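The residues making up each chain are set out below.
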Amino acid sequence: MKKLKDILENLIFMIEDLWDECRLRWRKAKRKRAELKQTLSDEEYRQYRNKEQTKKILFSLGAAAACLLAVILICTGIRRGIAAVSVRMGAKDRTEQEAATETESGTEETFTEQDITIGSTGCMLLHSPFISSYPDEEGNYDFSSIFKYITPYYSAPDYMTCEFEGALGGPEIGYYGYPTFRSPDAIIENLRDSGVDLQMVATNHIYDAWSDGFHRTMDVYEEKGILYTGIRKSADARPYHIADIKGVKVGFLDYVYETAGTGTNLNGIPLSAEDGELLNSFDYDNLDAFYEEIGKNIRDMKDEGARFIITNMHWGTEYQLTESETQREMAREMCELGVDALIGGHPHCEQPIDVISSSDGSRRMFCIYSQGNALSNQRTYLMDAMPTGHTEDGVMVTLTLHQDRVGTVRITGVDLLPTWVYRFQDNGSKYYILPLDDVDSLGELTGIPDIAEEAAASYLRTMEELGPGLEKAREAFQ
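Attention here is on the structure that accompanies the text. Per-chain numbering applies: the sequence of each chain, read as written, is numbered from 1 onward. In keeping with the predicted nature of the model, local features appear solely for residues at pLDDT of at least 70, side-chain atom pairs appear and are counted solely at 80 or more, and the whole-chain, interface and lining totals rest on all residues. The basis for every side-chain value is the complete set of heavy atoms in the structure, and neither hydrogens nor water enter the calculation.

## Focus: the overall build of the chain
No. 1: Counting from the N terminus, the helices are the DSSP runs of H or I reaching at least four residues and the strands are the DSSP runs of E reaching at least two. In terms of helices and strands, the chain carries 13 helices and 17 strands.
No. 2: Under the scheme applied here, a residue whose accessible area is under 20% of the maximum for its type counts as buried, over 50% as exposed, and between as partly exposed, the area being computed with a 1.4 Å probe on protein chains only. The buried share of the chain, taken over its 478 residues, is 50%.
No. 3: Between two residues, a contact is recorded if the distance between any of their heavy atoms is within 4.5 Å. Of the contacts made within the chain by residues no fewer than 6 positions apart, 73% connect residues no fewer than 24 positions apart.
No. 4: In the form shown here, the chain has an accessible surface area of approximately 22900 Å², with 52% of it arising from carbon and sulfur atoms. Areas reported here follow the Shrake-Rupley algorithm with a probe of radius 1.4 Å; residue values treat only the protein chains shown as occluding.

This is the structure in structure tokens:
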């Protein structure tokens, strides 16, 4: 009966994941159509729509066939589960090896050969100037203009993630910047509309609006249909997210470090015992417990079909350009446990890229210890702790993955897009996240004067920090 229950639960999870992914794809396609309608001629747009309709018909036929196959497989699994129970009841003396041989029936699953791209960018923090400069006369917020120039890049990968650092406490609790980041709800919608599919929220600021804000944050995400991970609404809910990306199942985990104190603490704020159970967190002084927990999560994700595991870690020491020995130790252990790509954040500056191999040499893990700030007000002239400009820099990492016919998924490409947070005055402090793939033409492309020198400096800082590791990764994954 337990086998039957597990099969039914997995079917429900699969349907939920497919529905979430379909909604994201529909929204992404709608945004792309709107952009193309503005840039293409009428004839070019008509040809594009005809091709899109053809693809949609083929996709629908494929989806129908996949659903039929899933029903057949599920029914077969139920039949086998019942048969296995009967066998165990009637022949308890049989060995586990013999039972496993009978239930598997010798059939091998085949997978669609597929290439996908997954993008990730760093911390999004709304400091006080965002709170004071962006409300309209009625007090409503809209941060969409911040993403004006970066949206085409966030929308380009098949799947895009970011780290949102703050809590959604609502107007009753009030909005605030440093040191307790209580952000307007609009920011997570603006992130979604810029192309972000999944938001990582296990950060040291997720409890800044206390227990009410912690739970309200999850309510807002779910009411708006925006995917998130790192926290969950009940202790029984899955502490991870599995995305089906063009037929490739990718598992996502998100963890944050705890601070000293009784029970689970974030920035010295103690979480209630119940809330602590709903947060993915780790204690630097008890890493064995973390390894045991994350190892179980990885096994569970693989049991649900995940072929590639990405873990986001909110960790490290602020304003340090080099990772700590503890970060390196944790990265090595996560590689051993089955993590395929490790994405770091929290130091508010970039930290190196590395390729980590398992002790037996059988597998390699991509690692970037910190992606820096995707969005913040940590300007050079404000940062006594790091007056070098690094807090204005961020990077978008794009991994190309290939799934073969036997279901092995590996990295076949690594790309970086350096980004820079530009601040200007327009009825208060306003911001753009600027892509630095063409620094020489940035002023002309954006219409922003006199930015070439600062943009070039940001690009050079990023490539000085990440360039050597990028070359190492490109050699390892090709």
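The structure having been displayed, the exposition proceeds.
## Some points on the pattern of salt bridges
No. 1: For this document, the term salt bridge refers to a Lys or Arg side-chain nitrogen within 4 Å of an Asp or Glu carboxyl oxygen. One pass over the full model with this rule turns up 17 salt bridges.
No. 2: For the salt bridge of Arg328 with Glu325, the shortest nitrogen-to-oxygen distance reads 3.0 Å. You can see Arg328 and its partner Glu325 sitting in helix α11 (residues 325–337), three residues apart, about one turn around the helix.
No. 3: For Arg328, a relative accessible area of 26% corresponds to the partly exposed category.
No. 4: Residue class for Glu325 comes out partly exposed when judged on its relative accessible area of 44%.
No. 5: Asp354 is the partner of Lys472 in a salt bridge, and the nearest nitrogen-oxygen pair spans 2.6 Å. Separated by 118 residues along the polypeptide, Lys472 in helix α13 (residues 452–476) and Asp354 in strand β12 (residues 350–357) bring together distant segments of the chain.

## Some remarks on a negative patch on the surface
No. 1: Residues enter patches when their relative accessible area tops 30% and they take part in no salt bridge; the joining distance is 9 Å for like charges and 5 Å for the nonpolar side chains Val, Leu, Ile, Met, Phe, Trp and Tyr. Just so you know, the count uses Lys and Arg for positive and Asp and Glu for negative, and it drops His and the chain ends. A charge is said to be at NZ when it belongs to Lys, at CZ for Arg, at CG for Asp and at CD for Glu. On the surface, Glu274, Glu277, Asp288, Glu292, Glu293 and Glu329 cluster together into a negatively charged patch.
No. 2: Ranked by the residues each element gives to the negative patch, the list is headed by helix α10 (residues 287–303), at three residues.
No. 3: Along the polypeptide, Glu293 turns up in helix α10.

## Quick look at the packing of aromatic side chains
No. 1: Two rings belonging to Phe, Tyr or Trp (six-membered ring only in the last case) form a pair when the distance between their centres is within 6.5 Å. Interplanar angles under 30 degrees mark stacking, angles over 60 mark edge-to-face geometry, and anything in between is tilted. Under the definition given, this model contains 20 aromatic pairs.
No. 2: Consider the rings of Tyr255 and Phe290, whose centres lie 5.1 Å apart with planes at 80 degrees: the pair is edge-to-face. Taken as a pair, Tyr255 in strand β6 (residues 248–257) and Phe290 in helix α10 lie far apart in primary sequence, 35 residues in all.
No. 3: On the numbers, 6.0 Å between centres and 20 degrees between planes, the contact of Trp315 with Tyr369 is stacked. Taken together, the residues Trp315 in the loop between β10 (308–314) and α11 and Tyr369 in strand β13 (residues 364–371) connect sequence positions 54 residues apart.
No. 4: Looking at Tyr369, the relative accessible area reads 1%, which means it is buried.
No. 5: An aromatic cluster is present here, built from Phe130, Tyr134, Tyr141, Phe143, Tyr175 and Tyr431 joined pairwise through their rings.
No. 6: The side chain of Lys430 reaches across the aromatic face of Tyr134, ending 5.2 Å from its centre. Throughout this description, the term charge over a ring refers to an Arg CZ or Lys NZ atom that lies within 6 Å of the ring centre and within 35 degrees of the ring normal.

## Comments concerning the pairing of β12
No. 1: Only strands joined by at least two bridges in the DSSP assignment are considered to pair. Pairing of β12 with β13 involves seven bridges; the strand directions are antiparallel. Bridged to Ile353 within β13 is Ile368.
No. 2: Following β12, the chain reverses through six residues before pairing antiparallel with β13; Gly361 in that reversal takes a positive phi of roughly 75 degrees.

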